[in-house]
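# An overview of the molecular structure
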Amino acid sequence: MSDTITPRAQNYAMPAEWAPHDGCWMIWPERPDNWRLGAKPAQAAFAAVAGAIARFEPVTMLVSARQFANARAMLPAAVRVVEASSNDAWARDTGATFLLNPAGDLAGVDWMFNAWGGLGHGLYFPWDLDDQIAAKMLEIEKAKRFRAPKVLEGGAIHVDGAGTVLVTESCLLDQNRNSGATRAEMETLLRDYLGVEKIVWLGAGVPHDETGGHVDNLACFVRPGLVLLSWCDDPSDPHYQISRDAESRLRAAGLAVEHIPMPTPMFLTDAEAAGIDHSPTGMNRAAGERLAASYVNFYAANSAIIAPCFDVPTDSEAHSVLQRLFPDRQVVMVPAREILLGGGNIHCITQQQPRKARE
Ligand code: KQY
């Protein structure tokens, strides 16, 4: 039986990302054991993403006290800069998952966060400041907060706004996130906190995804009934089997599937690896590691798709696929290798706030 304090019990649900937004949240990157060269190249990339989104909707950047003046100087004037402490810069995962009820009231889920796997295989320690980000966003917005009883990240879910959610087994059944959690318990969590009815389980995420396989790097809804899947035609690549397995599960769930090519394989260079600080409590990245790149990791802003590009041959086909599937939106590609080097992409560093009813 569902708890009366859950979003579902109070008629809240997560809208699709393509529904109208009041704005977008981001977090400024600064930790030098994840972002090379003291995070300067990543800051430039985040500023470019924020600037691209700000052409279509308001953007708020959460920034540490130490970086406030620098972020303010690097960001376009249209971007609102608000001080908030964090451990890293993944607004999709540490930010609130916003909800609306039928009256258009705004609320949000504050998931428990343990850096994608806690002390087992999490990416850094501590993560206490990241775990407070969602509550701070909801406080700023004066929105009702539902603290979830389990670990989950926004990158681990994609909803169609019509009752269906996509997830991967590799993340949702990860025992380092939720020890002892069963499939049935995770389904109850999704129903209660996202207001969905149907859960479509994919298997693994894209190869080398350090979150354990977030769905937001593998597949997303284009509209209810249609999913866009990162696709690989090279049988020698591990993504070949992963993308086929995902497609058969999606079709078995009654969904239509469109493909977008996986980006040309990319690897961490010697020079890039040399620019990352070593740390006993953070990511230790080695030259030659494959980067978990995907064009599916885009942000659907009001009237636009803000998508990553990498200066590789697949970029132009990816642009065409996105423009064909979202004919009413302007597809804007932003160079995103520096974001990819930190382990994610544009969808991972953004969080939409759906448009609420005006008071
Ligand atoms: O996939 C995402 N939503 C976030 C990626 C986080 C990577 C941490 N280094």
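Counting starts from 1 at the beginning of each chain's written sequence and moves along it residue by residue. Reporting in this predicted model follows two pLDDT cut-offs: at least 70 for local features of residues, and 80 or more for side-chain atom pairs to be given and counted; totals over whole chains, interfaces and linings ignore these cut-offs and use all residues. No hydrogens and no water enter the side-chain calculation; it runs on all heavy atoms of the structure.

### Some details on the overall build of the protein
Helix and strand labels come from DSSP, where a helix needs a run of H or I of at least four residues and a strand needs a run of E of at least two; each type is numbered from the N terminus. Along the protein, the regular secondary structure elements total 11 helices and 16 strands. What you see for the protein is a C-alpha radius of gyration of 19 Å, in line with the 21 Å of a compact globule of 359 residues. Viewed in the frame of its principal axes, the protein has a C-alpha envelope of about 55 × 50 × 45 Å. Here the protein holds 359 residues, and the buried ones make up 62% of them. Pairs of residues are marked as contacts when any of their non-hydrogen atoms sit within 4.5 Å. For the protein, long-range pairs separated by at least 24 residues make up 74% of all intrachain contacts whose partners lie at least 6 apart in sequence. All accessibility values rest on the Shrake-Rupley procedure with a 1.4 Å probe; residue burial counts only the protein chains present in the view. Put simply, the protein shows about 13600 Å² of open surface, and 53% of that area lies on carbon and sulfur atoms. Radius of gyration: C-alpha atoms only; globule rule: 2.2 Å multiplied by the number of residues to the exponent 0.38. Burial here depends on accessible area, computed with a 1.4 Å probe over protein chains only, as a share of the maximum for the residue type. Under 20% is buried, over 50% is exposed, and the range in between is partly exposed.

### Remarks on the pattern of salt bridges
Salt bridge, as used here: a side-chain nitrogen of Lys or Arg that lies within 4 Å of a carboxyl oxygen of Asp or Glu. In this structure the tally under the stated criterion is 23 salt bridges. With a shortest N-O distance of 2.6 Å, Asp-33 and Arg-31 are connected by a salt bridge. Owing to a relative accessible area of 7%, Asp-33 belongs among the buried residues under this scheme. Looking at Arg-31, the relative accessible area reads 14%, which means it is buried. The salt bridge involving Glu-247 is made with Arg-251; its shortest N-O contact spans 3.1 Å. Separated by four residues within a single helix, Glu-247 and Arg-251 lie in helix α8 (residues 238-252), roughly one turn from each other. Connected via shared salt-bridge partners are Asp-110, Asp-131, Arg-145 and Arg-147.

### Looking at the site of the ligand
Think of it this way: one heavy atom of a residue within 4 Å of a molecule or strand is enough to make that residue near it. Around the ligand, the structure places 13 residues, and the nearest of them are Asp-93, Glu-210, His-214, Gly-342 and Cys-348. The side chain of Glu-210 places a nitrogen or oxygen atom 2.6 Å from a nitrogen atom of the ligand. Here a polar contact is taken to be a pair of N or O atoms separated by no more than 3.5 Å, where protein atoms must pair a possible hydrogen donor with a possible acceptor and residues adjacent in sequence count only if both atoms sit in side chains. In the environment of the ligand, a nitrogen atom lies 2.8 Å from a nitrogen or oxygen atom belonging to the backbone of Gly-342. Protein burial of the ligand: of its 300 Å² of free accessible surface, 99% is covered by the chains. Basically, the charged four are Asp, Glu, Lys and Arg, the nonpolar ten are Ala, Val, Leu, Ile, Met, Phe, Trp, Tyr, Cys and Pro, and anything else, Gly included, counts as polar. Here the shell around the ligand is built from residues that sort into four nonpolar, five polar and four charged.

### Notes on the packing of aromatic side chains
Think of it this way: a Phe, Tyr or Trp ring, Trp meaning its six-membered ring, pairs with another when their centres are within 6.5 Å, and the plane angle makes it stacked under 30 degrees, edge-to-face over 60, tilted otherwise. In total, this model carries nine aromatic pairs according to the counting rule given. Centroid distance Phe-113 to Trp-116: 5.0 Å. Interplanar angle 85°. Geometry classified as edge-to-face. Accessibility assignment for this pair places Phe-113 and Trp-116 in one class, buried. Ring geometry for Phe-125 and Trp-127: centres 5.4 Å apart, planes at 85°, overall edge-to-face. The class of Phe-125 is partly exposed, set by a relative accessible area of 43%. The rings of Trp-35, Phe-46 and Trp-90 are connected pair by pair, giving a single aromatic cluster. Over the ring of Trp-201 we find Arg-183; its NZ or CZ atom is 4.7 Å from the centre of that ring. In this scheme, the term charge over a ring applies when either NZ of a lysine or CZ of an arginine sits within 6 Å of the ring centre and within 35 degrees of the ring normal. Directly above the ring of Tyr-240 sits Arg-244, whose terminal nitrogen or CZ lies 3.6 Å from the centroid.

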